[in-house]
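# A closer look at the structure
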Amino acid sequence: GAGVSQSPRYKVAKRGQDVALRCDPISGHVSLFWYQQALGQGPEFLTYFQNEAQLDKSGLPSDRFFAERPEGSVSTLKIQRTQQEDSAVYLCASSYPPGDRAPYEQYFGPGTRLTVT
Amino acid sequence: DQQVKQNSPSLSVQEGRISILNCDYTNSMFDYFLWYKKYPAEGPTFLISISSIKDKNEDGRFTVFLNKSAKHLSLHIVPSQPGDSAVYFCAASRALGGSQGNLIFGKGTKLSVKP
């Protein structure tokens, strides 16, 4: 019954550290998306899962970014060797139908604000 | 190159009046459009959507209009209430060619409704 949850809500990392961001989608939702939102910008697509399959990772900015959803529910976005330009809010969204079927409404979590110092 | 554009960073409206938020897009392959509302420190909340086969969709105080020939959509809120003060994002999606339906967002318009 609960919405999409994300943890931690805030994360401060020193440059070079690895971080892991967690997303718990709405139960039963097939599709899961990760977005990155820089200050003053709209969310930008990173990657998409349909159940456990990562069908699109074209938005990941570098090979330091890695996402997984091994059992088709909880997902983790990992960023290795963080850089200052990785500072942003990372949003997770889920939707019931497969991503290529209407309706396309996605339900967002509160986001994780990552600050790299 | 931005495919979804919200050219007004902010809008201020008096309570009870109409708020009109605008959005333009460049990709004619988009077939579904959505509006999201975002409060500080929260994720975007889905508000209303419209399929490209329609030109209007209404839900309570919220109406979205789509002009495909102009590649333009707008969100009307009437009457505006102080609780509507938030950042509004326009988003577009396309299903053709096996796209997975990821949303492409504009930069947002900050709406302030003054009592």
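No experiment lies behind these values; they were computed from the predicted model shown.

## As for the overall build of chain B
Assigned secondary structure in chain B consists of zero helices and 11 strands. Start at the N end of chain B and walk to the C end: the helices and strands fall as β-β-β-β-β-β-β-β-β-β-β. For 115 residues, the compact-globule formula gives about 13 Å, and the C-alpha radius of gyration of chain B, at 14 Å, lands near that figure. In terms of overall dimensions, chain B has C-alpha extents of about 45 × 30 × 20 Å along its principal axes. Looking at chain B as a whole, 47% of its 115 residues are labelled buried. In chain B, 54% of the contacts between residues at least 6 apart in sequence involve partners at least 24 apart. Carbon and sulfur atoms form 49% of the exposed surface of chain B, whose accessible area is close to 5500 Å². Across chain B, the 13 positively charged side chains and the 9 negatively charged ones have centroids separated by 4 Å.

## Notes on the sheet that holds strand S3 (residues 19–24) of chain A
Residue and element names in this part refer to chain A. Spatial strand order, S1-S3-S8-S7: four strands in an open sheet with antiparallel pairing. Lying at the two open borders of the sheet, with one neighbouring strand each, are strand S1 (5–7) and strand S7 (65–68). For this sheet the average axis-to-axis angle between neighbouring strands, irrespective of direction, equals 15°. Judged from the five bridges that link them, S3 and strand S8 (residues 75–79) form a sheet pairing that is antiparallel. In the sheet register, Arg22 faces S8, and the bridge partner there is Thr76.

## Concerning the layout of surface pockets
Each pocket or cavity is described by its volume, and for the largest pocket that value is around 580 Å³. Looking at the lining of the largest pocket, the elements with two or more residues in it are strand S9 (88–95) and strand S11 (112–116) of chain A together with strand S9 (86–93) and strand S11 (109–114) of chain B. A class-by-class count of the residues in the lining of the largest pocket yields 15 nonpolar, 11 polar and six charged. Each pocket or cavity is described by its volume, and for the second largest pocket that value is around 420 Å³. Glu44 and Phe45 of chain A together with Gln3, Leu103 and Ile104 of chain B are the residues nearest the centre of the second largest pocket, which is lined by 24 residues in total.

## Description of the interface of chain A and chain B
Each side of the interface is counted separately: chain A has 22 residues, and chain B has 22 residues. With both chains or domains summed, chain A and chain B bury close to 1700 Å², and 60% of this area falls on carbon and sulfur atoms. Run the count over chain A and chain B and you get zero salt bridges. Connecting chain A to chain B are five residue pairs in polar contact (both at pLDDT 80 or more). Counting residues per element, the ones that place at least two in the side of chain A that touches chain B are strand S4 (31–37) and strand S5 (44–50) of chain A.

Rules behind the numbers
Residues numbered from 1 in each chain as written. Chains lettered and ligands numbered in written order. Predicted model: local features only at pLDDT ≥ 70, side-chain atom pairs only at ≥ 80, totals over all residues. Heavy atoms only, no water. Helix = DSSP H or I, 4+ residues; strand = E, 2+ residues; numbered from the N terminus. Rg over C-alpha atoms; globule rule 2.2 N^0.38 Å. Buried < 20%, exposed > 50% of the residue type's maximum accessible area, 1.4 Å probe, protein only. Contact = heavy atoms within 4.5 Å. Areas by Shrake-Rupley, 256 points an atom, 1.4 Å probe, with all protein chains shown as cover. Lys, Arg positive; Asp, Glu negative; His and termini not counted. Charge placed at Lys NZ, Arg CZ, Asp CG, Glu CD. Pairing = 2+ DSSP bridges. Axes fitted to C-alpha atoms, helices over the stretch in contact; angles between N-to-C directions. 1 Å grid on protein atoms, 1.4 Å probe; cavity = no way out; pocket = protein on both sides within 12 Å on 5 of 7 lines; lining within 4 Å. Points joined across faces, edges and corners; volume = space filled by probe spheres on them. Nonpolar A, V, L, I, M, F, W, Y, C, P; charged D, E, K, R; others polar. Buried area = accessible area lost by both parts, 1.4 Å probe. Salt bridge = Lys/Arg side-chain N within 4 Å of Asp/Glu carboxyl O. Polar contact = N/O pair within 3.5 Å; in protein donor to acceptor, adjacent residues only side chain to side chain.

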